[in-house]
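# Architecture and fold: a report
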Amino acid sequence: MASWDEVRKLAADFKRIQNTSTAHKLSERNCVEIVAKLIEMKLLDVIYTLDGKEYVTPQCFEREIKDELHVHRGRINIVDLHQILNVDLRHVEAIVEELLKQDDNLVLVQGDLIELSYLDQLAEEVNDSLQESGQVLVAELSRNRGLPLSFLVENLHSRMGSIIHGQFDSVGGVLYTEAYVARHRSRVRGIFSAATRPTAVSPILARGGFQDNLFHSVLRELISAGELKGALHGRLENATFIPDVYSKMQKKWIDSFFASNSYLEFDAMRRLGIDDPILYIKNHYSNHDVILLNTCCIGYSIQSQVTAAIEEAKNSHSWVDVLPLLPSPCIAADAETFLNKCSIRDILKYEGIATCKEFMHACMALFTEMMETRALQDVSKNPSLLSELSSPTKGSDKRDKKRSARQADRKTVEIKFLDVPKIISVLEQKIPDCPPEFIEAVAQDIQRPLTEEYHKALEVSFDLMKKPSGVQNRKLHAALETQVQELWMQLKLFEKAIPYFEGLPISSVAPTVQPQNVTVW
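Residues numbered from 1 in each chain as written. Predicted model: local features only at pLDDT ≥ 70, side-chain atom pairs only at ≥ 80, totals over all residues. Heavy atoms only, no water.

Attention shifts here to the overall build of the protein. Across its full length, the protein holds 23 helices and 17 strands. Put simply, the protein has 521 residues, and 34% of those count as buried. Considering only intrachain contacts with a sequence separation of at least 6, the fraction spanning at least 24 residues in the protein is 62%. For the protein, the exposed area adds up to about 33,700 Å²; of that, 52% sits on carbon and sulfur atoms. (Helix = DSSP H or I, 4+ residues; strand = E, 2+ residues; numbered from the N terminus. Buried < 20%, exposed > 50% of the residue type's maximum accessible area, 1.4 Å probe, protein only. Contact = heavy atoms within 4.5 Å. Areas by Shrake-Rupley, 256 points an atom, 1.4 Å probe, with all protein chains shown as cover.)

What follows concerns the side chain of Thr199. Mapping Thr199 onto the fold places it in strand S9 (residues 199-200). Here the side chain of Thr199 touches Arg197 through a polar contact of 2.9 Å, landing on its backbone oxygen. Leaving out residues up to four positions away in the same chain, Thr199 has contacts with Ile204, Thr240 and Phe241. (Polar contact = N/O pair within 3.5 Å; in protein donor to acceptor, adjacent residues only side chain to side chain.)

Further remarks concern the nonpolar core. Within the largest apolar cluster, 32 residues are counted, with the highest numbers of intra-cluster contacts made by Phe359, Phe367, Ile423, Leu427, Phe438, Ile446 and Leu450. Breaking this core down by element, the ones donating at least two residues are helix H17 (357-365), helix H18 (368-381), helix H20 (420-430) and helix H21 (436-466). A per-element tally of this core places H21 first, with 10 residues. With residues up to four places along the chain from it excluded, the contact list for Ile446 reads Met360, Cys363, Met364, Phe367, Ile423 and Leu427. Counting 21 residues, the second largest nonpolar core, distinct from the first, contains Cys296, Leu326, Ala335 and Ala354. (Core = buried A, V, L, I, M, F, W, Y, C linked by side-chain atoms within 4.5 Å.)

Turning next to the packing of aromatic side chains. A complete count under the given rule lists 7 aromatic pairs for this structure. For the pair Tyr350 and Phe438, a centre-to-centre distance of 5.7 Å together with 65° between the ring planes defines the contact as edge-to-face. Of this pair, Tyr350 sits in strand S16 (residues 348-350) while Phe438 is found in helix H21, placing the two residues 88 residues apart along the sequence. Of the two residues, Tyr350 and Phe438, neither departs from the other in class, the shared state being buried. The rings of Trp319, Tyr350, Phe359 and Phe438 are connected pair by pair, giving a single aromatic cluster. Over the face of the ring belonging to Tyr454 we find Arg374, whose NZ or CZ atom lies 5.2 Å from the ring centre. (Phe/Tyr/Trp six-rings, centres within 6.5 Å; stacked < 30°, edge-to-face > 60°. Lys NZ or Arg CZ within 6 Å of the ring centre and 35° of its normal.)

Right, let's talk about helix H14 (residues 277-284) for a bit. An α-helical segment advances 3.6 residues per turn. Residues three or four places apart therefore align on the same side. Among all positions in H14, only Pro277, Tyr280 and Ile281 are buried. All buried residues of H14 project into a common sector of 95° when viewed along the axis, lining one side. In H14, those exposed residues whose orientation departs by more than 90 degrees from the buried face are Lys282 and Asn283. For H14, the elements touching its buried residues are helix H12 (244-261), strand S12 (263-265), helix H13 (266-271), strand S13 (291-292) and strand S14 (296-298). (Arc of directions from axis to C-beta.)

In this section: the pattern of salt bridges. All chains considered together, the criterion is met by 12 salt bridges. Taking the shortest distance from any N to any O, the salt bridge between Arg90 and Asp88 comes out at 3.3 Å. Residue Arg90 is classed as exposed on the basis of its relative accessible area, which comes to 57%. We note a salt bridge from Arg145 to Glu125, for which the minimum N-O separation is 2.2 Å. One end of the pair, Arg145, is in helix H7 (residues 138-145); the other, Glu125, is in helix H6 (residues 116-133), and 20 residues separate them in sequence. (Salt bridge = Lys/Arg side-chain N within 4 Å of Asp/Glu carboxyl O.)

Picture the strands of a sheet paired through backbone hydrogen bonds; they go either parallel or antiparallel. Taken together, the 3 strands give an open sheet; going across it, the order is S15-S17-S16, and neighbouring strands pair in antiparallel fashion. With one partner strand each, in any of the chains shown, strand S15 (320-321) and S16 form the two edges of the open sheet. Pairing between S16 and strand S17 (residues 353-355): 3 bridges, direction antiparallel. If you follow Leu348 over to S17, its bridge partner there is Thr355. (Pairing = 2+ DSSP bridges.)

For the rest of this paragraph, the subject is the packing of helix H9 (residues 178-193) against helix H11 (residues 212-225). Two elements in contact, H9 and H11, have axes separated by 10 Å at closest approach and are oriented at 65°. In terms of crossing hand, the pair formed by H9 and H11 is right-handed. For the pair H9 and H11, the contacting residues are Tyr180, Val181, His184, Arg185, Val188, Arg189 and Phe192 in the first and Leu214, Phe215, Val218, Leu219, Glu221 and Leu222 in the second. (Axes fitted to C-alpha atoms, helices over the stretch in contact; angles between N-to-C directions. Left-handed = near helix turned anticlockwise from the far one by under 90°.)

This next bit is on the confidence of the model for the protein. Confidence in the prediction of the protein, expressed as mean pLDDT, is 79, and 81% of residues score 70 or more. Looking over the protein, one finds the lowest element-wise mean pLDDT in helix H19 (residues 398-413), namely 48, and the highest in S14, namely 92. Contacts from residues 388-396, a stretch scored under 50 in pLDDT, to residues over four places away or in other chains number 8 contacts. The low-confidence segment residues 406-413 (pLDDT under 50) makes 7 contacts with residues lying over four places distant or belonging to another chain. (pLDDT = per-residue confidence, 0-100.)

What follows deals with a nonpolar patch on the surface. On the surface, Trp488, Met489, Leu491, Leu493 and Phe494 cluster together into a nonpolar patch covering about 560 Å² of accessible area. With respect to the secondary-structure elements, Phe494 resides in helix H22 (residues 470-497). (Patch = residues over 30% accessible without salt bridge, like charges linked within 9 Å, V, L, I, M, F, W, Y side chains within 5 Å.)

Further remarks concern unusual backbone geometry. In this model, Ser262 sits at a positive phi of 65°, which is unusual for a non-glycine residue. Position of Ser262 among the secondary structure elements: in the loop between H12 and S12. By relative accessible area, Ser262 is classed as buried at 10%. The phi torsion at His317 lies on the positive side, around 55°, for a residue other than glycine. With respect to the helices and strands, the residue His317 is situated in the loop between helix H15 (300-315) and S15.

Moving on, we come to the packing of helix H10 (residues 201-208) against H11. Orientation of H10 relative to H11, taken along the N-to-C sense of each, is 130°, at an axis distance of 11 Å. Judged on the interaxial angle alone, H11 and H10 are oblique. Crossing angle aside, the handedness with which H10 passes H11 is right-handed. Mapping the contact onto sequence places Val201, Ile204 and Leu205 in H10 and Asp212, Phe215, His216 and Leu219 in H11. (Parallel < 35°, antiparallel > 145°, perpendicular 65-115°, else oblique.)

For Thr177, the location among the structural elements is in the loop between strand S8 (174-176) and H9. Those residues in contact with Thr177 that sit more than four places away from it in its chain are Leu130, Gln131, Gly134 and Gly166.

Turning our attention to the sheet that holds strand S4 (residues 106-109). Here we have 3 strands laid out as an open sheet, ordered S3-S5-S4, and antiparallel in their pairing. At either margin of the open sheet sits one strand with a lone partner, and together these are strand S3 (75-77) and S4. For this sheet, the mean inter-axis angle between neighbouring strands, taken without regard to orientation, is 20°. Looking at chain direction, S4 and strand S5 (residues 112-115) are connected through 4 bridges and run antiparallel. Residue pairing across strands places Val109 opposite Asp112, the latter belonging to S5.

In structure tokens:
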């Protein structure tokens, strides 16, 4: 280890050398030539300035960039470096790229070289502003500072709790202080605690000047924590707060009305604030025996009354209109829906009217006398009407019998008993208290069976003519007697009318008194 005497000796030698004048000096031109030679020999690396009067080594240039960065408080644009240091921009970019690789405390953002100390200083300024105003918008900060929003959010979020003291809403991009959030929470709690009916959220949000994301998050927290008694229906601006006191009153009214009337109208429930009445009924009345119709739901009491009326109509071989038995809000479609869901078997349904097969048979029986009389008249007027219905000749095989039967059926099908309007007219006279729509539906349904029965009556009348008996002869004679009486009345009328035609030519009178063909059996 060197002693102090040796140190003093070395210091004296160094001072003597410094005071000694040089014997040989290099001119500026010699220095330029020496540097150029070193550069040519690749022993020296330098960067020329834009004017070519100076050059600097990369190591020195790096130090100058760091010095400028420090002078500009941790943030400088590389274009500004190019102008300040008077060096080509490509050299600045190359050196900055090397610095970014060597130093993790440097970042390049949109052409700005930024040191992490600048971000710490920015965070301190944001914290001061936050404590003063209670909230800071990151979007506004991004515009003022000229930095990307995502870059600011990432760096500010990483400094929460250490430099910045508050809460950060990353979705809305807003910073809050704890005191600001507490005041906000108290205001929201006070407003919605006073609500006694469904309250839309958007008007309160607009009038109160609340911040959207914080308002909705605080409101959901208060409801989930039980500090606000109620429920939030809908999302964001379309949300509606329904307090528990209103829900209890609503449920109490609905239960009371259902217990008294045994039905619930969907429109009335919507007026009470229930958006989906069917879902509400399924959730709250799942243990009750209810039937959902188009306009309302009905309970067991009304169901039993309507079912009893249908059973009575079925047993008495009559009909019943279901719609008057249902609650007043119901429409025709509700009656049809009820009949479709009804558990009574062997009933016929006609647009809300229930009946039975026996009633249909009774309606057909109203036409029996008319059918027999007409069959006798038609056969007597046209004996060849059903000549094809006669039995097949002897010696024909079974195939000929089937063929002749099919041909007869095809021909008789073409013969109709009555049209639907005539059937409706008869039914309206015989059953005057039936609704017109029901009469028309019944007429359409019984027209084909009546036609089939009429075909059978024609066959019976044809058999009567072929094999007359005492009773059959009496029926045939009655039909003929009716025809003879009608013809006799016509003759008497003609006799009285003859004097009025005296003096007229015979050619003008003859067409009006043509005799009618009468077949007597």
